[in-house]
Amino acid sequence: MKEKAPTDDVLRECLRQWGTEDEALEEGPSWEDKPLHGLYHRTITEVADLKKSYRWLERAGLKDSTEALILAAQEQALSTRAIEAQLYHTRQDPRCRLCKEAPETIQHITAGCKMLAGKAYMERHNQVAGIVYRNICAEYGLETPRSKWETPPKVVENDRAKILWDFQIQTDKMVMANQPDIVIIDKGQRKAVVVDVAVPSDGNIRKKEHEKLEKYQGLREELERAWKVKVTVVPVVVGALGAVTPKLDEWLQQIPGTTSDISVQKCAVLGTARILRRTLKLPGLW
Ligand SMILES: [Zn+2]
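The notes below deal with the structure included here. Note that the structure is predicted; figures quoted are calculated from it, not measured.

Rules used in this analysis
Residues numbered from 1 in each chain as written. Predicted model: local features only at pLDDT ≥ 70, side-chain atom pairs only at ≥ 80, totals over all residues. Heavy atoms only, no water. Pairing = 2+ DSSP bridges. Helix = DSSP H or I, 4+ residues; strand = E, 2+ residues; numbered from the N terminus. Axes fitted to C-alpha atoms, helices over the stretch in contact; angles between N-to-C directions. Contact = heavy atoms within 4.5 Å. Donors = N, O, S within 2.8 Å, 3.2 Å for Na, K, Ca; no water. Tetrahedral: all angles 85-135°; square planar, octahedral: opposite > 155°, others 65-115°. Buried < 20%, exposed > 50% of the residue type's maximum accessible area, 1.4 Å probe, protein only. 1 Å grid on protein atoms, 1.4 Å probe; cavity = no way out; pocket = protein on both sides within 12 Å on 5 of 7 lines; lining within 4 Å. Points joined across faces, edges and corners; volume = space filled by probe spheres on them. Polar contact = N/O pair within 3.5 Å; in protein donor to acceptor, adjacent residues only side chain to side chain. Nonpolar A, V, L, I, M, F, W, Y, C, P; charged D, E, K, R; others polar. Core = buried A, V, L, I, M, F, W, Y, C linked by side-chain atoms within 4.5 Å.

Examining the sheet that holds strand β2 (residues 161-165)
Strands belonging to one sheet form pairs held by backbone hydrogen bonds; the direction of such a pair is parallel or antiparallel. One open sheet accounts for 5 strands, arranged β1-β2-β3-β4-β5; its pairing is mixed. Every other strand in the sheet has two partners, leaving β1 (155-157) and β5 (230-237) as the edge strands with one partner each. Going from strand to strand, the sheet's axes swing by 15 degrees on average, the running direction of each strand aside. Together, β4 (191-198) and β5 form the strand contacts of helix α10 (residues 205-215), whose direction differs from that of β5 by roughly 155 degrees. Running at roughly 150 degrees to β5, helix α11 (residues 217-227) makes contact with β2, β3 (182-186), β4 and β5 of the sheet.

Structure follows, in structure tokens:
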């Protein structure tokens with residue numbers, strides 16, 4: 001066991017003060033032996049459809065480097081400040097380089113940093129919502145935005161449907177949330193669909209799905225009353241690292257047009273890869 005003795009003075013001093021040096025060396029695993037592998041799997045087991053959550057690996061056709069980056073992120077195998085501080089003892093301050101408020105973990109960077117919320121997360125969110133939006137437009141023969149970076153118009157309409165994008169809807173009664181990502185009004189079928197998209201951290205996908213459903217019930221009631229149509233609320237939730245709930249496919253099928261779960265998954269994961277590369281300033285290899 002001698003060769004596994006910590007070479008780091010700070011660590012050795014910590015262990016000495018905790019009085020665990022002997023135990024740590026004799027029985028406890030060194031940090032190198034810690035079972036980091038499988039951590040992500042355990043995190044999402046309770047909330048996700050495991051098979052579908054990994055399917056983007058085979059079917060999304062991502063570059064090898066992007067695939068490797070996301071897999072590394074899933075296993076916390078990227079050098080964030082919290083990981084450097086915890087595992088390698090090369091850094092004293094584990095806090096996020098951007099907001100300086102929370103430990104800089106993978107989860108924090110990919111879905112929890114307020115400094116990334118306004119632009120980077122919004123961009124990723126809009127890309128995912130944009131896929132759904134374009135498929136809806138195609139279904140009704142409405143003009144689709146030319147580039148995927150182009151923000152859709154607030155309202156598009158023809159004789160078959162009216163589609164609202166990020167549109168604040170006025171209701172008689174005040175409702176908690178009145179600006180969902182997309183609203184589809186199908187004139188022929190006299191129905192409307194309220195779609196809201198989220199890309200939370202992977203452990204939160206199920207909670208987020210419920211949250212979205214509940215958030216728009218007030219709006220649903222108001223719209224049914226005012227527009228005299230049947231209204232359905234549909235959450236589209238994909239974890240930042242690709243996890244999806246067993247229900248995602250069902251939700252997507254309730255939206256006019258054809259949107260595959262793999263397409264929204266791929267889009268979310270690509271957005272996350274972009275955020276990780278930029279924030280952690282990863283070398284070209286990634
Ligand atoms: Zn932060």
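Re the coordination of the zinc ion
Within the protein, C96 (SG), C99 (SG), H108 (NE2) and C113 (SG) serve as the donor atoms for the zinc ion, at 2.1 to 2.3 Å. Coordination at the zinc ion is tetrahedral, judged from the 4 donor atoms that bind it and the angles of 102 to 117 degrees they form at the metal. Motif for the zinc ion, donor spacing along one chain: C-x2-C-x8-H-x4-C. Here C96 is found in the loop between α7 (81-88) and α8 (106-112), whereas its partner H108 is found in helix α8, with 12 residues between them in sequence. We classify C96 as buried; its relative accessible area is 1%. Among the residues examined, H108 registers a relative accessible area of 9% and is labelled buried.

Side note on the layout of surface pockets
There is about 350 Å³ of room inside the second largest pocket. Surrounding the second largest pocket, 19 residues form its lining, Y121, H125, V197, A198 and V199 being those nearest its centre. Ranked by residue count, the leading element in the lining of the second largest pocket is helix α9 (residues 114-140), at 5 residues.

A few points about the side chain of T245
Structurally, T245 is set in the loop between β5 and α12 (248-253). Only 2.6 Å separates the side chain of T245 from the side chain of E209, close enough to count as a polar contact. Leaving out residues up to four positions away in the same chain, T245 has contacts with V47, A48, D49, I205, R206 and E209.

Observations regarding empty space enclosed by the protein
All chains considered together, the criterion is met by 1 cavity of 30 Å³ or more. In terms of lining residues, the largest cavity is bounded by A120, E123, R124, G271, R274, I275 and R278. Secondary-structure elements contributing two or more residues to the lining of the largest cavity are α9 and α13 (261-280). No other element matches the 4 residues that α13 contributes to the lining of the largest cavity. Of the residues in the lining of the largest cavity, the class split is 2 nonpolar, 1 polar and 4 charged.

Brief notes about the nonpolar core
Counting 34 residues, the largest nonpolar core has W56, L78, L116 and L276 as its most contacted members. Every element with two or more residues in this core is listed here: α3 (39-45), α6 (64-74), α7, α8, α9 and α13. No other element matches the 6 residues that α13 contributes to this core. Membership of the second largest hydrophobic core comes to 31 residues, among which are Y133, I182, V195 and A268.

As for unusual backbone geometry
Of note, the phi angle at K100 is positive, near 60 degrees, even though the residue is not glycine. Relative to the assigned elements, K100 resides in the loop between α7 and α8. Looking at K100, the relative accessible area reads 46%, which means it is partly exposed. Even without a glycine there, the phi angle at R190 is positive, about 50 degrees. Structurally, the position occupied by R190 is in the loop between β3 and β4. When its relative accessible area of 46% is taken as the criterion, R190 is described as partly exposed.

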